Every structure is written in C-alpha cells, then in structure tokens.
Amino acid sequence: MARSLNEWLWQHEFWLPPGITWEDMQESEGVHYPQPRDLLLSIPFALILVVIRCAFERAIALPLSSKLGVRDKQRPKAQPNPMLETFYSTLCKNPEEGELISLAKQCDLPVRKVERWFRRRRNTDRPSLSKKFCEACWRFTFYIISFFTGLAVLYNKPWFWDHRECWTGYPQQPLQPSLFWYYLLELSFYWSLVFTLPFDVKRKDFKEQIVHHAATIFLISFSYCANYIRIGSLVMVIHDASDCFLEPTKIFNYMKWKKTCDSLFMIFSAVFLISRLVIFPYTVLYNTYFYSMEIFQPFFGYYFVNALLIILQLLHVFWSCLIIHMVYKFILQGTV
C-alpha cells in the first residue's frame, strides 16, 4: 500500500513538464539536481532554530527589553474559583449576560464580581509586552539575516535581473550549493514558526498566519522538488524585504518611541504595498504564468505552483487592506 502510494505520488507527470522524466534528472559528476529527500533536513534544522530562538530571547532580547524601558503592566489577578475556572477553560472566555447571571447564582456572587473575574482572567492570559518585544527581536534578526543572505546569493544570478532566465533550460537546471542552503534556511524557519505557534503571541490574523505558513511551506517544498528554485528564490527575497521593516516598527512601538515607530510604519507600508502588490505580481505571478509557457506546456506542477502563489497573493491583498486602513487612520488622527 505504502509502496503504491509512493509510486503514484512521484509520477514524473506531476512534477516535471511533458517529455521529461526522472531519468533525465539523474545526477552526474559535477551536476546536482534537487532531491526530495533533502527537505527532511529542514526538520532538525527547524528544531535547532527553535533552540537558538529560546537562547536568543533569554540571553539577549529579554535583557535588552529591560534596558530599553519596556515594562510589563501590573495586572490584578483573578481570585481562585474552580467553577469559574472550569467554565473559562472549557466553554467560553467571554460569557454572555445570561451565562454571567447563571454563574453568579451558582457561585453565590454578584454578577458584577463574576464579570470582573472574567475580565481579570482574560487579562492574565494576554501576552506581556516583553514577550512581544522578544518575539519581534527574533523575527527582525532572522529577516535581516535572511534578506541579505538572499541578496548575496542572487545578486550575480542572471534571473535576478532578467526574469525570463528563470526558465532557461528548465527543468534541467543544476542546483548550486548557495541556493540549497538559502532554501534550507527559509524552509527551516517557517517550520520553526509552525512548531512555536501554540506558544507565540496570537494576533487577530492568527488564522491567516496559519494559512500563510502552510502555503509557504508547500510552495518552498514543491518548488524545490519540481526545481522551481529560481522563481522560489525570488519569492523569498521579495517577502523578506518588507518584513525587515515590520518587526523594528513593532519594537519601537513597544518602546513607546512614537515618532520613530510612525516613520518606520510608513516606510514599511510603502515597501509592503510596492513589493507585494506590484513587484510580486509582475516578477513572480506574471513570470510563472506566462513566461514559463514559452519553454514548456502546462502540467500539474504548473497549476499547483500557480495556485499556491495566488493564495499568497490573496493574503497580500488581505494584509494590504489592513495596512491601507491603518495609514488612513494615521493621516486623519496622526497615530498608528
């Protein structure tokens, strides 16, 4: 059963253009092609990144937050109450008025006290400012390293300047060591984000973040197996460009440096909107959808990669709407 499934999954019609088989992708001396088994390395590397992150946040980010004046608010704790705690943990964290009245009767407490208990209990679960600061510091450090690594790797590559070069000789494009390690770095990082999702700060776009991480991991993995590495490397460096400005914006916000935060936010907004709504559609979507057809006929991998790229673009539009709304409020109210 497993063998049949494996043979079906790795049919060359799924992964390679018409007329190309896995025999054509066999490695020879001095010529290496991406091998699906290489992706297994991303799991232990992701675990290593999680360990590095924990050490970084404890040894560097947390002490830095104290020195920069990031202070956690002292929140009053809810008094121990097993019945209310059970309701909070298993049923609802923000009960309706009828539920509050019922709980008040069961606990023999005034409704206002029960309402206050739930408010304080919710405040206890809110992430502290120092936790947010540490998380932003880690992501900023990674995105800076990743972005400049991507630029260093791609600067002298012909497809970085002429996007039609992404398809020259496809799919028989040898894998360069620098591209392999760049891919491994990015894939490992997104796996590490998945591993730490239960512990990270849950924001309003939590569900969209899960979709984003899943689409990114699928895109990186599939593009590696199908040797879409050239277009994949462009996707990664475009995404890292705006993230380099987002995280320091958060950091200065937590530090209460309002003017610096507002300035960085406007820079981030411009970079995000230009890179995700202009550069990404032309450099990646148009390139993958149209230019690739000059080299080969459509096949499953062509449709699958384009579907994942469109999912990413829909997320770009979603976040762009939020950013534009924030910019509009900033212009009217003078604050983010």
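Going by the structure above, here's the rest.
The rules behind these values
- Residues numbered from 1 in each chain as written.
- Predicted model: local features only at pLDDT ≥ 70, side-chain atom pairs only at ≥ 80, totals over all residues.
- Heavy atoms only, no water.
- Patch = residues over 30% accessible without salt bridge, like charges linked within 9 Å, V, L, I, M, F, W, Y side chains within 5 Å.
- Areas by Shrake-Rupley, 256 points an atom, 1.4 Å probe, with all protein chains shown as cover.
- Salt bridge = Lys/Arg side-chain N within 4 Å of Asp/Glu carboxyl O.
- Buried < 20%, exposed > 50% of the residue type's maximum accessible area, 1.4 Å probe, protein only.
- Lys, Arg positive; Asp, Glu negative; His and termini not counted.
- Charge placed at Lys NZ, Arg CZ, Asp CG, Glu CD.
- Helix = DSSP H or I, 4+ residues; strand = E, 2+ residues; numbered from the N terminus.
- Contact = heavy atoms within 4.5 Å.
- Polar contact = N/O pair within 3.5 Å; in protein donor to acceptor, adjacent residues only side chain to side chain.
- Axes fitted to C-alpha atoms, helices over the stretch in contact; angles between N-to-C directions.
- Parallel < 35°, antiparallel > 145°, perpendicular 65-115°, else oblique.
- Left-handed = near helix turned anticlockwise from the far one by under 90°.
- Nonpolar A, V, L, I, M, F, W, Y, C, P; charged D, E, K, R; others polar.
- Core = buried A, V, L, I, M, F, W, Y, C linked by side-chain atoms within 4.5 Å.

(A) Here's a closer look at a nonpolar patch on the surface. A cluster of nonpolar side chains, contributed by L41, F45, I48, I52 and W181, occupies part of the molecular surface with about 470 Å² of accessible area. The exposure class assigned to W181 is partly exposed, which follows from its relative accessible area of 48%.

(B) How the structure looks around a positive patch on the surface. On the surface, R112, K113, R116 and R119 cluster together to form a positively charged patch. With respect to the helices and strands, R119 occurs in helix α6 (residues 111–125).

(C) How the structure looks around the environment of R122. Counting through the fold element by element, R122 comes out in helix α6. In this structure R122 comes out as partly exposed when scored by relative accessible area, which is 27%. Along the sequence, R122 and S233 sit 111 residues apart, while their C-alpha atoms lie 42 Å from each other.

(D) Structural detail: the side chain of T216. Among the secondary structure elements, T216 is positioned in helix α10 (residues 206–225). In this view, T216 contacts Y190 and L312; residues no more than four positions away in its chain are not counted.

(E) Expanded view of the side chain of K157. When you line up the elements, K157 lands in the loop between α7 (129–154) and α8 (158–161). Within the buried core, K157 has no salt-bridge partner, and the shortest N-O distance to an opposite charge, that of E165, equals 13 Å. A distance of 3.1 Å separates the side chain of K157 from the side chain of N156, its partner in a polar contact. For K157, the residues in contact, after removing those within four places along its chain, are Q176 and S178.

(F) Inspection of the environment of L312 at higher detail. One can find L312 in helix α13 (residues 300–333). The exposure class of L312 is buried, given its relative accessible area of 1%. Distance in space between the C-alpha atoms of L312 and N227 is 20 Å, their sequence separation being 85 residues. L312 has contacts with H212, A215, T216, L219, V235 and H239, leaving out every residue within four places of it along the chain.

(G) Spotlight on the packing of helix α12 (residues 258–289) against α13. The geometry of α12 relative to α13 is characterised by a closest axis approach of 10 Å and an angle of 155° between their N-to-C directions. The angle between α12 and α13 falls in the class roughly antiparallel. The two elements α12 and α13 meet at a crossing, and its hand is left-handed. Counted by class, the contact of α12 with α13 contains 22 nonpolar, six polar and two charged residues.

(H) Molecular detail of unusual backbone geometry. Following Y170, the chain continues to P171 via a peptide bond in cis, the omega torsion being 5°. Of note, P171 is situated in the loop between α8 and α9 (177–195). Although it is not a glycine, N227 sits at a positive phi angle of roughly 60°. Relative to the assigned elements, N227 resides in the loop between α10 and α11 (229–254).

(I) Local environment of the nonpolar core. Counting residues in each nonpolar core, the largest one holds 70 residues, and the members touching the most others are L154, W167, F189, Y228 and L309. Within the residue set of this core, elements represented by two or more residues are α3 (42–67), α7, α8, α9, α10, α11, α12 and α13. Ranked by residues supplied to this core, first place goes to α11 with twelve residues. Non-local contacts of Y228, meaning those with residues more than four positions away in its chain, are made with W167, Y170, Y183, S223, F296, F299, G301, Y302 and V305. Residues L84, L100, C107 and W117 belong to the second largest nonpolar core, which totals nine residues.

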